[in-house]
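Architecture and fold: a report
The lines below spell out each chain.
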Amino acid sequence: MTHRPILTHTRDQLAEALARLPGTKALVMTMGALHAGHLQLVREAHALADHVIVTIFVNPTQFAPGEDFDAYPRTLGADMDALETVGADLVWAPSPQDVYPAPATVSIDPGPVARVLEGKTRPTHFAGVALVCTKVVNLVRPDVALYGQKDAQQLAVLRTVFSQLDIPVRIHAVPIVRDRDGVALSSRNQYLSEEERVRARALSRALRRGVEVAEAGAEPGSVISACRAVIEAEDGIDLDYIALVDAGTFEILAGTDGVPLGEAEAAPTLLTDGSRAGRVLIAAKVGSTRLIDNMEVALRGPVRLEGDEARAGGGTEETGARA
Ligand code: AMP
């Protein structure tokens, strides 16, 4: 049975409502304009804790000037209706002043993983994400926080930040929820015209092609060429990057001239069958809307580097093991 979640805005309201929730807590952080992808996080959260807390906050510190902070859809009433259908217990929808009572002078540099791909195009983005996620986790004190693989690099950044700052929360990753035509659900899909929405299918088509050729044993460079060919066959897509990375460490294996991870000499992430867990990622503008998507891939080709050591029990949530 579902019920309307309790809605809070200020920090005091949040603290009071949290005090009335005994037992374990799962946190789902969102920017609102909720869709079935967000609701899947809430559903999975129920299986992990006694209570589910959802935050709805368009975080200014993760947007750069000129990005879509002002245009980002804000639909609190509809979001509350949607959450009622999946049964969240508590919603925190703060104002920027509630989250940042004083201008933030402290910043978190998540390190090399935040400088490639999204971090190259949006250099201040992950510092803002790391800051808001750290603050909200500290305010809510959940046992587990759920994040979507839709933002796979964000997940890698948060794993790094929470682990290195000893923030006592477990991270649970949720696979990407897609529309029937393959397009990954995103609040930003609302910006697309009908014709752009059709064109946007090329992103997931390209990723699927990359997965196919990789799993047939192609080398990382050929995986990227196969993806790129799909995008180039479609008019009106302005590609930012296509890359193949190690799914756990985000070491770039092919497809971008981005800054290499440098000091990160982590062992490759292996799946239970011994193949390397990779992830193909894409970012592109369709019209003026920037979209991102990615897919996990088992790399059966020769991608191990000299001196690589298998990380015992490696893998990712999507394949049942932990990255
Ligand atoms: P956002 O509101 O875009 O900041 O997303 C909030 C959370 O929902 C993040 O952890 C996202 O990765 C996750 N999310 C967004 N879209 C999807 C999707 N299509 N499938 C799974 N998770 C998603």
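Look up: the structure comes first, before these words.
All of the points below concern the structure found in this document. (Residues numbered from 1 in each chain as written. Predicted model: local features only at pLDDT ≥ 70, side-chain atom pairs only at ≥ 80, totals over all residues. Heavy atoms only, no water.)

Our focus in this paragraph is the environment of proline 142. The residue proline 142 is located in the loop between helix 6 (125–140) and strand 5 (144–148) in this model. A relative accessible area of 4% places proline 142 in the buried class. Between the C-alpha atom of proline 142 and that of isoleucine 53, which follows or precedes it by 89 residues, the distance is 8.4 Å. In this structure proline 142 touches Lys25, Ala26, Leu27, Val137, Pro168 and Val169, once residues within four positions along its chain are discounted. (Helix = DSSP H or I, 4+ residues; strand = E, 2+ residues; numbered from the N terminus. Buried < 20%, exposed > 50% of the residue type's maximum accessible area, 1.4 Å probe, protein only. Contact = heavy atoms within 4.5 Å.)

The next subject is empty space enclosed by the protein. Counted under the stated rule, the structure contains one cavity of 30 Å³ or more. Within this model, the largest cavity holds a volume of roughly 80 Å³. Contributing to the lining of the largest cavity are Lys150, Val183, Ala184, Ser186, Asn189, Ala200, Leu203, Ser204, Leu291, Ile292 and Asp293. Elements that contribute at least two residues to the lining of the largest cavity include exactly helix 9 (201–215) and strand 10 (289–299). Take the lining of the largest cavity: its biggest share by element is three residues, from strand 10. (1 Å grid on protein atoms, 1.4 Å probe; cavity = no way out; pocket = protein on both sides within 12 Å on 5 of 7 lines; lining within 4 Å. Points joined across faces, edges and corners; volume = space filled by probe spheres on them.)

Here we come to unusual backbone geometry. Not every positive phi belongs to a glycine, and alanine 33 is a case in point at roughly 50°. Here arginine 141, not a glycine, exhibits a phi torsion of approximately 55°, which is positive. Structurally, arginine 141 is set in the loop between helix 6 and strand 5. According to the relative accessible area criterion, arginine 141 is exposed, its value standing at 62%.

Right, let's get into the side chain of threonine 8. Within the secondary structure, threonine 8 is located in strand 1 (residues 6–8). At 2.9 Å, the side chain of threonine 8 and the backbone oxygen of valine 91 are in polar contact. Once residues lying within four places of it in the same chain are set aside, the contact partners of threonine 8 are Gln13, Leu14, Ala17, Leu90, Val91, Trp92 and Ala93. (Polar contact = N/O pair within 3.5 Å; in protein donor to acceptor, adjacent residues only side chain to side chain.)

This part is about the packing of aromatic side chains. With the rule as written, the count across this model stands at three aromatic pairs. Each ring, one from phenylalanine 63 and one from phenylalanine 69, has its centre 5.4 Å from the other, and the planes form 65°; the classification is edge-to-face. Phenylalanine 63 gets classed as buried once you look at its relative accessible area, which sits at 7%. A relative accessible area of 22% means that phenylalanine 69 is categorised as partly exposed. Centroid distance phenylalanine 63 to tyrosine 72: 6.2 Å. Interplanar angle 75°. Geometry classified as edge-to-face. (Phe/Tyr/Trp six-rings, centres within 6.5 Å; stacked < 30°, edge-to-face > 60°.)

Nothing here speaks to function; it is geometry throughout.
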